[in-house]
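Observations on chain architecture
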Amino acid sequence: MPSHFPQSLIHSSWRHHMHFMGLQKMTLLDYPGKVACTVFLSGCNFRCPFCHNPDLVFASEPGTGIPEQEFFAFLSQRKGFLDGVCITGGEPMLERELVPFIQKIKAMGLLVKLDTNGSFPERLQHLVENHLVDYVAMDIKNSKEHYGATIGIPAYDTTKVEQSVTILMEGSVSYEFRTTLVREYHTNEDIKAMGAWLSGCRAYFLQSFVDSGNLLGKEPMHAFTEEDMVRFKNLLQSNIEAIFIRE
Ligand code: SF4
């Protein structure tokens, strides 16, 4: 099994040190059906205005946060109690050392769930092909038409995100798509367009935006009501069977 991403997938700007920013020691929610811990890696290539954790978007200096040895010491202590590890961000795929990091986790007999914004399809393919991930949760930020505005990069070309969707839908690894819905960014038309795009997918989770009081964007943003969320779910039902509203 390769110990890193192949050279062709490594860019000179890529970071050489893991950027651990936090650890949730136990979660029953992050990895469906599993007892897991969640490790937060900092740095993201998107700038979603509704991102509720700007501290995770801007890469930390190496050496800040939790030392890697401390994380693995924690995992050793919890062996037999945890089923798996959720790796989230930021965008974990920005980590050059992600492959050896995952390999160390899997060598301990743990499952790996990866959260991603889907903008690195080649790296996703590599992880899937080499059985390095057991579950992938990919964000779908909006309809293709409104993707750029929703991620804070107006000219964004959605090709790579579309490729990641295809990799997951055509592959054999368990996955979910998920969308955070914000009143200022999502319309009925966007929901219908996402339903057509993701038609037949394995599972799709909708969650309403929550104002953490510390958002990346400065414009006011608002959540949808419960009724709105149910309406969106109904709009999607002709394309997708497994739709869930996540609290
Ligand atoms: S919400 Fe957007 S900016 Fe924040 S971590 Fe996720 S992809 Fe990055």
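The structure we're discussing is the one just above.
To keep things clear, this report deals only with the structure shown in the data block. (Residues numbered from 1 in each chain as written. Predicted model: local features only at pLDDT ≥ 70, side-chain atom pairs only at ≥ 80, totals over all residues. Heavy atoms only, no water.)

1. Digging into the overall build of the protein
Per the secondary structure count, the protein includes eight helices and eight strands. Each of the three principal axes of the protein carries a C-alpha extent, and together these read 45 × 35 × 35 Å. For the protein, restricting intrachain contacts to residue pairs at least 6 apart in sequence, the fraction spanning at least 24 positions comes to 73%. For the protein, the exposed area adds up to about 11,600 Å²; of that, 52% sits on carbon and sulfur atoms. (Helix = DSSP H or I, 4+ residues; strand = E, 2+ residues; numbered from the N terminus. Contact = heavy atoms within 4.5 Å. Areas by Shrake-Rupley, 256 points an atom, 1.4 Å probe, with all protein chains shown as cover.)

2. A look at the site of the ligand
Residues in contact with the ligand, as listed here, are Cys-44, Phe-46, Cys-48, Cys-51, Val-57, Gly-90, Asn-117 and Lys-141. Split into classes, the residues belonging to the shell around the ligand amount to five nonpolar, two polar and one charged. (Near = heavy atom within 4 Å. Nonpolar A, V, L, I, M, F, W, Y, C, P; charged D, E, K, R; others polar.)

3. Re helix H2 (residues 68-77)
Buried within H2 we find Phe-71, Phe-72, Phe-74 and Leu-75. In an axial view of H2, the angular spread of the buried residues amounts to 155 degrees, which keeps them on one side of the axis. Exposed and facing more than 90 degrees away from the buried side of H2 are Gln-69 and Gln-77. Residues of H2 that are buried in the fold lie against strand S1 (20-27), strand S2 (36-41), strand S3 (84-88) and helix H3 (98-107). (Buried < 20%, exposed > 50% of the residue type's maximum accessible area, 1.4 Å probe, protein only. Arc of directions from axis to C-beta.)

4. Observations concerning the sheet that holds strand S4 (residues 111-116)
Spatially, S1-S2-S3-S4-S5-S6-S7-S8 is the arrangement adopted by the eight strands of the open sheet, whose pairing is mixed. Across the chains shown, the open sheet's two edge strands, defined by having one partner strand only, are S1 and strand S8 (243-246). Across the sheet, the mean angle separating the axes of adjacent strands is 20 degrees when strand polarity is ignored. Across five bridges, the pairing between strand S5 (residues 135-139) and strand S6 (residues 174-181) is parallel. Opposite Asp-139, over in S6, you have Arg-178 as the bridge partner. (Pairing = 2+ DSSP bridges. Axes fitted to C-alpha atoms, helices over the stretch in contact; angles between N-to-C directions.)

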